[in-house]
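Listed here are the chains, written in short residue letters.
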Amino acid sequence: MVRPCYLVVDREFPGSISTRKLVIETAKFNVLTAYSAREAIEMLRVFPAVSGVVVDEDIDDIPCHALVGALREFQPLVNVIVISGPSGRECPGANYHLDSFDPRKLLGIMAALHPKETKEIATRDEELDKLRGGPKTEPGEGDSGR
């Protein structure tokens, strides 16, 4: 199985951990991270086979619509998911627009875009759980606290 790979364009500072990256990795998708629109364009030029791009609409070095246009020059059919948060600003050219930072909404779109891969990942997780003797539990779950 080839897992989907997303390019995340996040305005967080390099060296910090992108929360969007972590959310996408929980779905067991692969992630590349760019910390500016210019870096995202260059990364797509180097890694054109990404499954999609997740963009923080507040990225500030290039307007969102211009970034989407530049990304489409390299990969015309790439799915672009823009997250604007409560500001609700639109980004022309994006396939999907989220006005919430709720990770379930982002993962829901990704699962809908990749149903076969999502199912294969879930099946593989179940197989691994069986090999380990059941699903992992958090401390305090399933025990009496002793």
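Structure shown above.
Asks: Kindly report on unusual backbone geometry, identifying the contributing residues and their values.
Replies: Residues other than glycine seldom take positive phi values, yet lysine 28 does so here, at roughly 65°. Within the element layout of this structure, lysine 28 appears in the loop between α1 (19-26) and β2 (30-34). For lysine 28, a relative accessible area of 35% translates into the label partly exposed.

Asks: Help me get a handle on the sheet that holds strand β4 (residues 79-83), residues and values and all.
Replies: As summarised here, the arrangement of the 5 strands in space is β2-β1-β3-β4-β5, forming an open sheet in which the pairing is parallel. Looking at which strands have only one partner, the edges of the open sheet turn out to be β2 and β5 (96-98). In this sheet, adjacent strand axes meet at a mean angle of 20° when their direction is disregarded. Sheet topology places strand β3 (residues 52-56) next to β4; 5 bridges connect them, and they run parallel. Paired with valine 53 across the two strands is valine 80, which belongs to β4. Strands in contact with helix α2 (residues 37-46) are β1 (5-9) and β2; relative to β2, the strand with the most contacts, it is inclined by about 135°.

Asks: Talk me through the nonpolar core; I want residue IDs and the actual numbers.
Replies: Counting 24 residues, the largest nonpolar core has Leu7, Val9, Val50, Val53, Val55 and Leu67 as the members making the most contacts within it. Counting residues per element, the ones that place at least two in this core are β1, β2, α2, β3, α3 (64-74) and β4. Among residues more than four places away in sequence, those in contact with valine 9 are Ala34, Ser36, Ala37, Ala40, Val53, Val54, Val55, Asp56, Ile59 and Leu67. Grouped together as the second largest cluster of nonpolar side chains are 14 residues, Val23, Val31, Leu106 and Ile121 included.

Asks: Go over the packing of α1 against helix α4 (residues 103-113) with me, naming the residues and quoting the values.
Replies: At their nearest, the axes of α1 and α4 sit 10 Å apart, and the two run at 50° to each other. Between α1 and α4, the angle falls in the class oblique. Every pair of crossing elements has a handedness; the one defined by α1 and α4 is right-handed. Touching Val23, Ile24 and Thr26 of α1 are Pro103, Leu106, Leu107 and Met110, all from α4.

Asks: Break down the state of the cysteines for me, citing the residues and quoting the values.
Replies: Considering all chains together, one arrives at 1 disulfide under this definition. Disulfide pairing is shown between cysteine 64 and cysteine 91; the S-S distance is 2.1 Å. Its S-S torsion of about -100° marks the bond between cysteine 64 and cysteine 91 as left-handed, since a negative value means left-handed. Taken as a pair, cysteine 64 in helix α3 and cysteine 91 in the loop between β4 and β5 lie far apart in primary sequence, 27 residues in all. Of the two residues, cysteine 64 and cysteine 91, both sit in the buried class.

Asks: Which residues make up the pattern of salt bridges, and what are the values?
Replies: Going through the model one piece at a time under the given rule, you end up with 12 salt bridges. Note that aspartate 56 is salt-bridged to arginine 20, the shortest N-O span being 3.8 Å. Placement of the pair is aspartate 56 in strand β3 and arginine 20 in helix α1, with a sequence separation of 36 residues. The pair aspartate 56 / arginine 20 is uniform in exposure class, with both members buried. A salt bridge links glutamate 42 to arginine 45; the nearest nitrogen and oxygen atoms lie 3.3 Å apart. Of the two residues, glutamate 42 and arginine 45 both sit in helix α2, 3 residues apart, roughly one turn of that helix. Owing to a relative accessible area of 45%, arginine 45 belongs among the partly exposed residues under this scheme. Among the charged side chains, a network of salt bridges with common partners joins Asp10, Arg11, Arg20, Asp56 and Asp58.

The rules behind the values
- Residues numbered from 1 in each chain as written.
- Predicted model: local features only at pLDDT ≥ 70, side-chain atom pairs only at ≥ 80, totals over all residues.
- Heavy atoms only, no water.
- Helix = DSSP H or I, 4+ residues; strand = E, 2+ residues; numbered from the N terminus.
- Buried < 20%, exposed > 50% of the residue type's maximum accessible area, 1.4 Å probe, protein only.
- Pairing = 2+ DSSP bridges.
- Axes fitted to C-alpha atoms, helices over the stretch in contact; angles between N-to-C directions.
- Contact = heavy atoms within 4.5 Å.
- Core = buried A, V, L, I, M, F, W, Y, C linked by side-chain atoms within 4.5 Å.
- Parallel < 35°, antiparallel > 145°, perpendicular 65-115°, else oblique.
- Left-handed = near helix turned anticlockwise from the far one by under 90°.
- Disulfide = S-S within 2.5 Å.
- Salt bridge = Lys/Arg side-chain N within 4 Å of Asp/Glu carboxyl O.

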